[in-house]
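Analysis of the macromolecular model
Next come the chains, spelled out residue by residue.
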Amino acid sequence: GAGVSQTPSNKVTEKGKYVELRCDPISGHTALYWYRQSLGQGPEFLIYFQGTGAADDSGLPNDRFFAVRPEGSVSTLKIQRTERGDSAVYLCASSLSGSRETQYFGPGTRLLVL
Amino acid sequence: QKEVEQDPGPLSVPEGAIVSLNCTYSNSAFQYFMWYRQYSRKGPELLMYTYSSGNKEDGRFTAQVDKSSKYISLFIRDSQPSDSATYLCAIGSMNYGGSQGNLIFGKGTKLSVKP
């Protein structure tokens, strides 16, 4: 079956612009995670959804970052007033029900802020 | 001290060698331990997942957890050029910081297996 998909695969934007990154989880997975991976680093947790609600958003770096999952499936990560330091790979993962379940990752969106 | 420490390498070995990859962690609340493999420009894919201290084997891969030392290892036997990738340890807890299931990753070790 289909895995986690993310669009776009690459995004180049200018400092100060707004971007949206999309994640399509595996069908039937109720838990969805966003991570950010900077060059030479492991993924860092941003936010976790259980269904439609954000169960944990403690990893969001500041209020420029926001994520939604209105119907409990597709999620969008939104970044306002982008900064050069936001350049990274944004990874999405989903799991069947959260907690100890295996997380399946998408290929990521490579964001470059010029 | 970072919660999860992993030597980033790079590590270069000849084909057929045994590879040992390691991570240490600081919080004894962590309950489950994973190794992910990440090829260049791809997302991480799960290799091994274990809850308990001891060894878990899957083909050429063995994951080892020592909770008393807060030390986890991944061994790769008969390494192949196709094993060349970055290996990430990841650790999780049911109730860490109030969340349920977000993973804490090491930096990743870049492995190159030369034919």
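Above: the structure in question.
These numbers were taken from a predicted model, which means no experiment stands behind them. Starting from 1, residues in each chain are numbered consecutively following that chain's sequence as written. The naming scheme follows written order: chains are lettered A onward, ligands numbered 1 onward. With the structure being a predicted model, the display of local features is reserved for residues of pLDDT at least 70 and the display and counting of side-chain atom pairs for 80 or more, all residues being used for whole-chain, interface and lining totals. Computation of side-chain values covers all heavy atoms of the structure but excludes hydrogens and water.

Structural notes on the interface of chain B and chain A
Between chain B and chain A, the contact holds 22 residues from the first and 22 residues from the second. Accessible area that two parts lose when put together, evaluated with a 1.4 Å probe and summed over both, is termed the buried area. Taken together, both faces of the contact between chain B and chain A bury some 1,800 Å²; the carbon and sulfur share is 52%. What counts as a salt bridge is simple: a side-chain nitrogen of Lys or Arg found within 4 Å of a carboxyl oxygen of Asp or Glu. In this structure, the connection of chain B to chain A is made through zero salt bridges. A 3.5 Å cut-off defines polar contacts: any pair of N or O atoms within that distance qualifies, except that in protein one atom must be a possible hydrogen donor and the other a possible acceptor, and neighbouring residues in sequence count only when both atoms are side-chain atoms. For the interface between chain B and chain A, the tally reads five residue pairs in polar contact (both at pLDDT 80 or more). The set of elements that each furnish at least two residues to the side of chain B that touches chain A consists of β4 (32-38), β5 (45-50) and β10 (103-105) of chain B. The dominant element in the side of chain B that touches chain A, judged by the number of residues it contributes, is β4(B), at three residues. Residue contacts are defined here by distance: any two heavy atoms, one from each residue, within 4.5 Å place the two residues in contact. The helix and strand labels rest on DSSP assignments: H or I over at least four residues marks a helix, E over at least two residues marks a strand, and numbering proceeds from the N terminus.

Section: the sheet that holds strand β6 (residues 54-58) of chain B
All names here are of chain B. A strand pair is defined by DSSP finding two or more bridges across the two strands. Strand order across the open sheet formed by five strands is β1-β3-β8-β7-β6, with antiparallel pairing between neighbours. A strand with exactly one partner marks an edge of an open sheet, and here the two such strands are β1 (4-6) and β6. Taking each pair of neighbouring strands and ignoring which way they run, the sheet shows an average axis angle of 20 degrees. As paired elements, β1 and strand β3 (residues 19-25) share three bridges and run antiparallel to each other. The angle between two axes is taken between their N-to-C directions and runs from 0 to 180 degrees, where each axis is a line fitted to C-alpha atoms and a helix contributes only its stretch in contact.

A look at unusual backbone geometry
Following T7(A), the chain continues into P8(A) via a peptide bond in cis, with omega recorded as -10 degrees. Residue position: P8(A) is located in the loop between β1 (5-7) and β2 (10-13). The omega torsion across G9(B) and P10(B) is 10 degrees, close enough to zero to call that bond cis. Within the fold, P10(B) resides in the loop between β1 and β2 (11-14). Its identity as a non-glycine residue notwithstanding, R41(B) has a phi of 65 degrees, on the positive side. With a phi close to 45 degrees, D78(B) is a non-glycine residue in the positive phi region.

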